[in-house]
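Letter by letter, the chains look like this.
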Amino acid sequence: MPDRPAPDRQPARGRLTDRVALITGTSRGLGRAVALRCAAEGAHCVLIARTVGGLEEVDDEIRAAGGPRPTLVAMDLAELEKIDQLGAALHERFGRLDVLISCAGALGSLSPLGHLAPGVWEETLRLNLTVNYRLLRSFDPLLRRSAAGRAIFVTCEVGRDKAYWGLQSASKAALEAMVKAYAAEVEKFTVKANLVAPGPLRTALRATAFPGEDPMTVAPPESVADCFVELAASDCLRNGEILRPKA
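All values reported here derive from a predicted model rather than from experimental measurement.

Caption draft 1: Molecular detail of the overall build of the protein. Scanning the protein for helices and strands turns up seven helices and seven strands. Across the protein, helices and strands are ordered from the amino to the carboxyl terminus as β-α-β-α-β-α-β-α-β-α-β-α-α-β. Structurally, the protein occupies a C-alpha span of about 85 × 45 × 30 Å along its principal axes. For the protein, the residues scored as buried account for 47% of the 247 residues in total. Pairs at least 24 apart in sequence give 73% of the contacts found in the protein among residues at least 6 apart. As displayed, the protein offers around 12,600 Å² of accessible surface, 52% of which is attributable to carbon and sulfur atoms. If you average the places of the 31 positive and of the 30 negative side-chain charges in the protein, the two averages end up 4 Å apart.

Here is the structure:
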């Protein structure tokens with residue numbers, strides 16, 4: 001008797017299957033780890049980074065693991081008008097955005113406030129605050145078109161209220177205030193907005209801030225990626241919170 005053909009196996013549905021997720025800062029560090037984890041849960045990821053090479057490496061990893069082929073967008077978020085152009089392009093292609101995860105950010109300069117160059121102050125606030133405002137401004141309409149829009153931002157409490165961390169602390173405190181205000185604005189809608197304070201992670205940004213630290217004593221960014229999946233899921237009802245995952 002001839003062998004019966006094996007039944008077709010359908011891939012298991014992850015928590016983010018069929019959800020369109022835009023993730024910034026994905027060429028390395030936390031953004032890369034979050035992108036890989038979201039793709040593993042079935043999300044169609046729109047990956048944002050400045051370098052094509054970094055994007056292609058993440059693309060290769062996602063596809064090698066059997067994840068959905070991501071959309072790659074090489075752009076500098078500091079060129080703010082390009083964020084609006086991206087919003088229009090995603091509207092035309094998908095008609096909605098289910099998940100916005102903003103991992104890109106800058107350390108700035110660890111310096112006495114009186115010694116900070118105005119250009120450094122302005123650039124850091126631009127990357128840590130203004131870019132995130134422009135992301136919300138451009139993608140809020142698309143998040144509202146989703147049945148369960150989720151916006152997730154990354155804050156940092158490592159140097160809060162400490163000497164020489166004034167620029168970093170000010171930019172992240174302002175980000176927290178903005179995201180919580182947005183969360184209050186969408187409270188009666190299907191959109192939810194939250195922040196993640198991941199704590200010390202083994203990233204290039206951490207190495208710049210603590211150059212003498214043994215990186216193997218710090219948790220890898222993959223250790224907190226599940227927290228982002230939790231917040232990105234359609235059944236997560238948290239809103240206006242700061243989550244502090246235990247690595």
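Caption draft 2: Fine view of the packing of aromatic side chains. Tallied over the full model, the rule gives one aromatic pair. Positioned over the ring face of Phe189 is Arg144, at 4.8 Å from the centre of the ring. Against the face of Phe210 rests Arg206, its NZ or CZ located 4.0 Å from the ring centre.

Caption draft 3: Structural view of the sheet that holds strand S1 (residues 20-24). The strand order across the open sheet built from seven strands is S3-S2-S1-S4-S5-S6-S7, with neighbouring strands paired in parallel fashion. Lying at the two open borders of the sheet, with one neighbouring strand each, are strand S3 (71-74) and strand S7 (242-243). As defined by bridge partners, S1 adjoins strand S4 (residues 99-102) across four bridges and the pair is classed as parallel. If you follow Ile23 over to S4, its bridge partner there is Ile101. Sitting on the sheet, helix H2 (residues 52-64) touches strand S2 (44-49) and S3, and the angle it makes with S3 is about 165°.

Caption draft 4: Quick look at the nonpolar core. Counting residues in hydrophobic clusters, the biggest one holds 32 residues, and the most contacted among them are Leu22, Ile48, Ile83, Leu86, Leu97, Phe139 and Phe153. Only S1, S2, helix H3 (81-93), helix H4 (118-145), strand S5 (150-154), helix H5 (166-185) and strand S6 (192-196) provide two or more residues apiece to this core. Ranked by residue count, the leading element in this core is H4, at six residues. With sequence-adjacent residues up to four places away left out, Leu86 is seen in contact with Leu22, Ile48, Val73, Met75 and Phe139. Of all hydrophobic cores here, the second largest spans 31 residues; its members include Ile23, Val34, Val196 and Leu231.

Caption draft 5: Region of interest: the packing of helix H1 (residues 29-40) against H2. As a packed pair, H1 and H2 sit with axes 10 Å apart at the nearest point and diverge in direction by 30°. On the basis of the axis angle, H1 is roughly parallel to H2. The way H1 lies across H2 gives a crossing that is right-handed. Between H1, through Arg32, Ala35, Leu36 and Ala39, and H2, the contact on the second element is made entirely by Val58, Glu61 and Ile62.

Caption draft 6: Layout of helix H7 (residues 225-232). Counting buried residues in H7 gives six out of eight residues, a clear majority hidden from the surface. In the core, the buried residues of H7 are packed alongside H1, S4, S5, S6 and S7.

Caption draft 7: Representation of the pairing of S5 in the model. In terms of residue burial, S5 counts as a mostly covered element, since five of its five residues are buried. Direction of pairing for S4 relative to S5: parallel, over a ladder of four bridges. Residue pairing in the sheet places Val99 in a bridge with Arg150 of S5. Following the chain from S4 across H4 to the adjacent parallel S5, one finds a crossover that is right-handed. Summarising the sheet, S5 and S6 pair through five bridges and their orientation is parallel. Considered in S6, the bridge of Arg150 is made with Lys192.

Caption draft 8: Examining the packing of H4 against H5 more closely. H5 packs onto H4 with a crossing angle of 15° between their chain directions and a minimal axis gap of 9 Å. Compared by their axis directions, H4 and H5 come out roughly parallel. In this structure, H4 crosses over H5, and the sense of that crossing is right-handed. Contacts between H4 and H5 pair Val120, Trp121, Thr124, Leu125, Asn128, Leu129, Asn132, Tyr133, Leu136, Asp140 and Leu143 from the former with Leu167, Gln168, Ala170, Ser171, Lys172, Ala174, Leu175, Met178 and Tyr182 from the latter. Its residues placed into classes, the contact of H4 with H5 shows 13 nonpolar, five polar and two charged.

Reading the values: rules and limits
Residues numbered from 1 in each chain as written. Predicted model: local features only at pLDDT ≥ 70, side-chain atom pairs only at ≥ 80, totals over all residues. Heavy atoms only, no water. Helix = DSSP H or I, 4+ residues; strand = E, 2+ residues; numbered from the N terminus. Buried < 20%, exposed > 50% of the residue type's maximum accessible area, 1.4 Å probe, protein only. Contact = heavy atoms within 4.5 Å. Areas by Shrake-Rupley, 256 points an atom, 1.4 Å probe, with all protein chains shown as cover. Lys, Arg positive; Asp, Glu negative; His and termini not counted. Charge placed at Lys NZ, Arg CZ, Asp CG, Glu CD. Phe/Tyr/Trp six-rings, centres within 6.5 Å; stacked < 30°, edge-to-face > 60°. Lys NZ or Arg CZ within 6 Å of the ring centre and 35° of its normal. Pairing = 2+ DSSP bridges. Axes fitted to C-alpha atoms, helices over the stretch in contact; angles between N-to-C directions. Core = buried A, V, L, I, M, F, W, Y, C linked by side-chain atoms within 4.5 Å. Parallel < 35°, antiparallel > 145°, perpendicular 65-115°, else oblique. Left-handed = near helix turned anticlockwise from the far one by under 90°. Right-handed = clockwise from strand over helix to strand, strands pointing away. Nonpolar A, V, L, I, M, F, W, Y, C, P; charged D, E, K, R; others polar.

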